[in-house]
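Chain residues, written in single-letter form:
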Amino acid sequence: MGKKAVLIGCNYTGTKAELKGCSNDVKKMQRCLIDRYGFSEGDIKILIDTDDSYTQPTGRNIRNALALLIKSAETGDVLFVHYSGHGTRLPAETGEEDDTGYDECIVPCDMNLITDDDIRELVDKVPKGCRITFVSDSCHSGGLIDDAKEQIGESCKDDCEDKEENGSGLGFVGTIIQKTGDALQSAFSHDNIAEDSTLTNRSLPLDTLVDILKQKTGNHNINVGNVRPTLFDVFGEDSTPKIKKFMKVLMDTFKGGSGAGADGGGFLGKIGVLAQDFLKEKFENNADYGKPAMETEVGGKQDAYAGSKKNKLPENGILISGCQSDQTSADATPSADRAEPFGALSHAIQMIIQETDGKVSNRELVVKARNSLKKQGFKQRPGLYCDDKHVDSPFIC
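Calculation notes
- Residues numbered from 1 in each chain as written.
- Predicted model: local features only at pLDDT ≥ 70, side-chain atom pairs only at ≥ 80, totals over all residues.
- Heavy atoms only, no water.
- Helix = DSSP H or I, 4+ residues; strand = E, 2+ residues; numbered from the N terminus.
- Buried < 20%, exposed > 50% of the residue type's maximum accessible area, 1.4 Å probe, protein only.
- Polar contact = N/O pair within 3.5 Å; in protein donor to acceptor, adjacent residues only side chain to side chain.
- Contact = heavy atoms within 4.5 Å.
- Axes fitted to C-alpha atoms, helices over the stretch in contact; angles between N-to-C directions.
- Left-handed = near helix turned anticlockwise from the far one by under 90°.
- Nonpolar A, V, L, I, M, F, W, Y, C, P; charged D, E, K, R; others polar.
- pLDDT = per-residue confidence, 0-100.
- Pairing = 2+ DSSP bridges.
- Salt bridge = Lys/Arg side-chain N within 4 Å of Asp/Glu carboxyl O.
- Disulfide = S-S within 2.5 Å.
- Phe/Tyr/Trp six-rings, centres within 6.5 Å; stacked < 30°, edge-to-face > 60°.

1. Looking at unusual backbone geometry
And step 1. Despite not being glycine, Asp357 has its phi angle at roughly 55°, a positive value.
And step 2. Turning to its location among the elements, Asp357 is positioned in the loop between α11 (344-356) and α12 (362-375).
And step 3. For Asp357, a relative accessible area of 42% gives the class partly exposed.
And step 4. Its identity as a non-glycine residue notwithstanding, Ile396 has a phi of 70°, on the positive side.
And step 5. Topologically, Ile396 is positioned in the segment after β13 (383-385).

Dropping the structure here:
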């Protein structure tokens, strides 16, 4: 039985998105895997952005590391992934009435977002008889493995309630503003945390993402309505599969071709017109602009929808999230005479592993983490998402 891991930490040093504890989370988890769970150092791939001697956690490098981890797996192997960094939620951009979801994303250090659908595609490639545990100490991480069964959590409940509330008169923008305010408040009830600790949430607000993309591109016309086209424009071939699918459907519709998007009469409505203007300019300057997207396989326009759904639940993936999909996770920086910065979930997991000598089930770990965070004054609620057979399996191995 092989034991292999990929550990990812993004601190975004020197940017508007800067965090403090993510690289520390990774180093502690590396030590834990070696000392408690018998991993070999050579079988642990580390990606952090605070030390140039390590592979940088760009979108491309993260996807390549995860793909290699899964490609090298054999039946009976134990695979583990830990991500500490920002999470974000991309709202729908097609303008279609039935495209009302969100893409939950992790945020690599270069802002080349990786969506829940992208992660799900990787999990679906895990060999039979092999399982992969994904710990995501980031905001909006509930449901990060798309369609995984919710065992402990409230993300599915919250999503259903959101759909009902969308008819309450708040409207699209009002809903985003309300949810952003609720999320910012959710991580920072910290009556039991030392007053000299600095807390930051691991959520990348859309306006901050847009500002960073403006700085990277020099284009000041970027907004919520064309984030996906901008990501494709910046990263091209290195864009995630979900972004390429969105762009292919958009381009098929824009060109009036017979591809997957040709049946989408209302595709790219009120919000999508921004993307159409964006494309028009690009194709005028370069006829081959969309080649990386046009080579991507797409089943239909729904593949471009935010929060698109699969027909089958993933069997081999186990997600332990730092919070629910509409919540934020905390990044804590204690005073100089205390411990170094850390992620709230990562710190709780290390404490539980130490207390139990690593002998804890997935269910027990999440329940204990919830109780620990609650005692510390955090409102974030970790979640467990997996097939029934993995609920009481040992954490990692």
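Picking up where we left off.
2. Points about the side chain of Asp117
And step 1. Relative to the elements of secondary structure, Asp117 occurs in helix α3 (residues 116-123).
And step 2. Residue Asp117 is classed as buried on the basis of its relative accessible area of 5%.
And step 3. Of note is the side chain of Asp117, whose polar atom sits 2.7 Å from the side chain of Lys242.

3. Topic: the environment of Phe342
And step 1. Among the secondary structure elements, Phe342 is positioned in strand β12 (residues 342-343).
And step 2. Taking relative accessible area as the criterion, Phe342 reaches 11% and is therefore assigned buried.
And step 3. Expressed as a C-alpha distance, the spacing of Phe342 and Leu199, which sit 143 residues apart in the sequence, is 9.9 Å.
And step 4. Dropping the residues within four chain positions of it, Phe342 is found in contact with Gly21, Asp25, Arg202, Ala330, Asp331, Ala332, Pro334 and His347.

4. Considering the packing of α11 against α12
And step 1. Their axes nearest at 9 Å, the elements α11 and α12 cross at an angle of 115°. Crossing of α11 over α12 shows right-handed handedness. Packed against α11, whose contacting residues are Ala344, Leu345, Ala348, Ile349, Ile352 and Thr356, the element α12 presents Leu365, Lys368, Ala369, Ser372 and Leu373 at the interface.
And step 2. Looking at the contact of α11 with α12 residue by residue, the classes come out as eight nonpolar, two polar and one charged.

5. Describing the confidence of the model for the protein
And step 1. Averaged over every residue, the pLDDT of the protein is 82; residues scoring 70 or more account for 77%.
And step 2. Taken together, the stretch residues 158-191 has pLDDT below 50 and engages in 43 contacts with residues farther than four places along the chain or on a different chain.
And step 3. Within the model, the stretch residues 257-266 combines pLDDT values under 50 with 14 contacts to residues more than four positions away or in other chains.

6. Points about the environment of Asn226
And step 1. Position of Asn226 among the secondary structure elements: in the loop between α6 (206-217) and α7 (227-235).
And step 2. C-alpha separation for the pair Asn226 and Glu93, spaced 133 residues apart in sequence, amounts to 7.1 Å.
And step 3. A distance of 2.9 Å separates a polar side-chain atom of Asn226 from the backbone nitrogen of Asn223.

7. Focus on the pairing of strand β11 (residues 330-333)
And step 1. Here strand β9 (residues 198-201) runs beside β11; their pairing, made up of four bridges, is antiparallel. Within β11, the position partnered with Thr200 by the bridge is Asp331.

8. Digging into the sheet that holds strand β5 (residues 102-106)
Two orientations exist for strands paired in a sheet by backbone hydrogen bonds: parallel and antiparallel.
And step 1. Pairing is antiparallel in the open sheet, where three strands are placed in the order β4-β5-β6. The strands lining the two open edges of the sheet, one partner per strand, are β4 (87-91) and β6 (114-115).
And step 2. Looking at chain direction, β4 and β5 are connected through five bridges and run antiparallel. Paired with Leu90 across the bridge in β5 is Asp103.

9. Thoughts on the pattern of salt bridges
And step 1. Summed over the entire model, instances satisfying the criterion amount to 20 salt bridges.
And step 2. One salt bridge connects Asp77 with Lys4, and the closest N-O pair in it is separated by 3.8 Å. You can see Asp77 sitting in the loop between α2 (59-71) and β3 (78-84) and its partner Lys4 sitting in strand β1 (residues 3-9), a full 73 residues away along the chain. No difference in accessibility class separates Asp77 from Lys4, as the two residues are buried.
And step 3. One salt bridge in this structure joins Arg202 and Asp137, with 3.3 Å as the shortest N-O distance.

10. Description of the state of the cysteines
And step 1. Counted under the stated rule, the structure contains zero disulfides.
And step 2. Cys139 provides the cysteine sulfur closest to Cys323, a residue in no disulfide bond, and the two sulfurs are 5.4 Å apart.

11. Quick word on the packing of aromatic side chains
And step 1. A complete count under the given rule lists three aromatic pairs for this structure.
And step 2. With centroids separated by 6.2 Å and ring planes inclined at 85°, the aromatic side chains of Tyr37 and Phe395 adopt a geometry described as edge-to-face. Highlighted residues: Tyr37 in helix α1 (residues 22-37) and Phe395 in the segment after β13, separated in sequence by 358 residues.
And step 3. Using a relative accessible area of 5% as the deciding quantity, one classes Tyr37 as buried.
And step 4. Exposure remark for Phe395: the relative accessible area of 0% places this residue in the buried category.
And step 5. When the centroid spacing of 5.6 Å and the interplanar angle of 85° are considered together, the rings of Phe232 and Tyr289 count as edge-to-face. A residue pair is termed long-range when its members are at least 10 positions apart, and Phe232 in helix α7 and Tyr289 in the loop between α9 (273-285) and α10 (291-294) qualify at 57 residues.
And step 6. When its relative accessible area of 2% is taken as the criterion, Phe232 is described as buried.

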